[in-house]
Amino acid sequence: MSVIILGIITPYIDYFVVIQMFFLLIPFIGILLFSLILFITNLFKKRKNVFTLKSTKIITIIPLFLLAQIISVFIIHKVQRFRSEQIIENLKSNYKYYPQKLPTNYGIKYYKLKDLNEFRIEYERGFFVREVYDSTVKTWESYGWND
C-alpha cells in the first residue's frame, strides 16, 4: 500500500521527479525486464502456484509504483482541467473586466495580463508539465520542464 501511495505522490514532488528521471530510469527498466523474465519463467515452471510465490509479490512493486504514477497524473489532469474550465466559464459569463486577483484552490493559478483585459490560468499536471490556458488565444497548451 505504501508503494501505491508513494507512486501517487511522486509526480508532484520536483526533487523525486528529478531523481527518478535522471538516476532511476535505467535501473527501473532493468528491473522491469528482469521481473518480466522471472515472472514468465515462474509461470511456466510452477503453473498454478506462481501468484503465491514471494518473488512474484516482490517483482510487482516497481510496476505498481509506475502504474500508480500514471493513473495519478491522468486523474489529476482530468480533475484540474474540469475545475479550470469551470473557472473560465465563470470568468467569461460574469466579468466585463477581469479581476486582478482571483482566489483559486488546489494548485490552479490565475493571472491577469497587464494592460489587457485578458487572463491566463495554469496548473501542474505532474512530471514538470504545466497546462496553460490563455484567453487571448482561447486554447490550452502544455509546457514541459524545458519550455
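What comes next is a walk through the structure. (Residues numbered from 1 in each chain as written. Predicted model: local features only at pLDDT ≥ 70, side-chain atom pairs only at ≥ 80, totals over all residues. Heavy atoms only, no water.)

**Observations regarding the environment of Phe-28**
Within the secondary structure, Phe-28 is located in helix α2 (residues 14–46). Residue Phe-28 is classed as buried on the basis of its relative accessible area, which comes to 11%. The spatial distance from the C-alpha of Phe-28 to the C-alpha of Pro-63 is 9.1 Å, given a sequence separation of 35 residues. Once you skip the residues sitting within four places of it in the chain, Phe-28 turns out to touch Gln-20, Ile-62, Phe-65 and Leu-66. (Helix = DSSP H or I, 4+ residues; strand = E, 2+ residues; numbered from the N terminus. Buried < 20%, exposed > 50% of the residue type's maximum accessible area, 1.4 Å probe, protein only. Contact = heavy atoms within 4.5 Å.)

**Comments concerning the pairing of strand β4 (residues 139–143)**
On a regular strand, each side chain points to the face opposite its neighbour's, so the side chains alternate between the two faces of the sheet. Here five bridges tie strand β3 (residues 129–134) to β4, and the two strands are oriented antiparallel to one another. Across the sheet, Val-132 pairs through a bridge with Glu-141, a residue of β4. Counted along the chain from β3 to the antiparallel partner β4, the turn is four residues long, and its residue Lys-138 has a positive phi close to 65 degrees. (Pairing = 2+ DSSP bridges.)

**Digging into a nonpolar patch on the surface**
A cluster of nonpolar residues, Met-1, Ile-4, Ile-5, Leu-6, Ile-8, Ile-9, Ile-13, Tyr-15, Phe-16 and Leu-64, forms a patch on the protein surface that exposes about 940 Å² of accessible area. Listing elements by their share of the nonpolar patch, those giving two or more residues are α1 (2–9) and α2. Top element by residues in the nonpolar patch is α1. It accounts for five residues. Along the chain, Ile-4 turns up in helix α1. (Patch = residues over 30% accessible without salt bridge, like charges linked within 9 Å, V, L, I, M, F, W, Y side chains within 5 Å. Areas by Shrake-Rupley, 256 points an atom, 1.4 Å probe, with all protein chains shown as cover. Salt bridge = Lys/Arg side-chain N within 4 Å of Asp/Glu carboxyl O.)

**Points about the packing of aromatic side chains**
With the rule as written, the count across this model stands at seven aromatic pairs. The interplanar angle of 70 degrees and the centroid separation of 5.9 Å between the aromatic rings of Phe-28 and Phe-65 together place this pair among those described as edge-to-face. Within this pair, whereas Phe-28 is found in helix α2, its partner Phe-65 is found in helix α4 (residues 61–94), the two being separated by 37 residues in sequence. Each of the two residues, Phe-28 as well as Phe-65, counts as buried. (Phe/Tyr/Trp six-rings, centres within 6.5 Å; stacked < 30°, edge-to-face > 60°.)

**Topic: the environment of Thr-60**
Along the polypeptide, Thr-60 turns up in the loop between α3 (54–59) and α4. Given the relative accessible area of 34%, Thr-60 is considered partly exposed. For Thr-60 and Pro-103, which are 43 residues apart along the polypeptide, the C-alpha to C-alpha distance reads 42 Å. Of the polar contacts made by the side chain of Thr-60, one reaches the backbone oxygen of Lys-57; its length is 2.8 Å. (Polar contact = N/O pair within 3.5 Å; in protein donor to acceptor, adjacent residues only side chain to side chain.)

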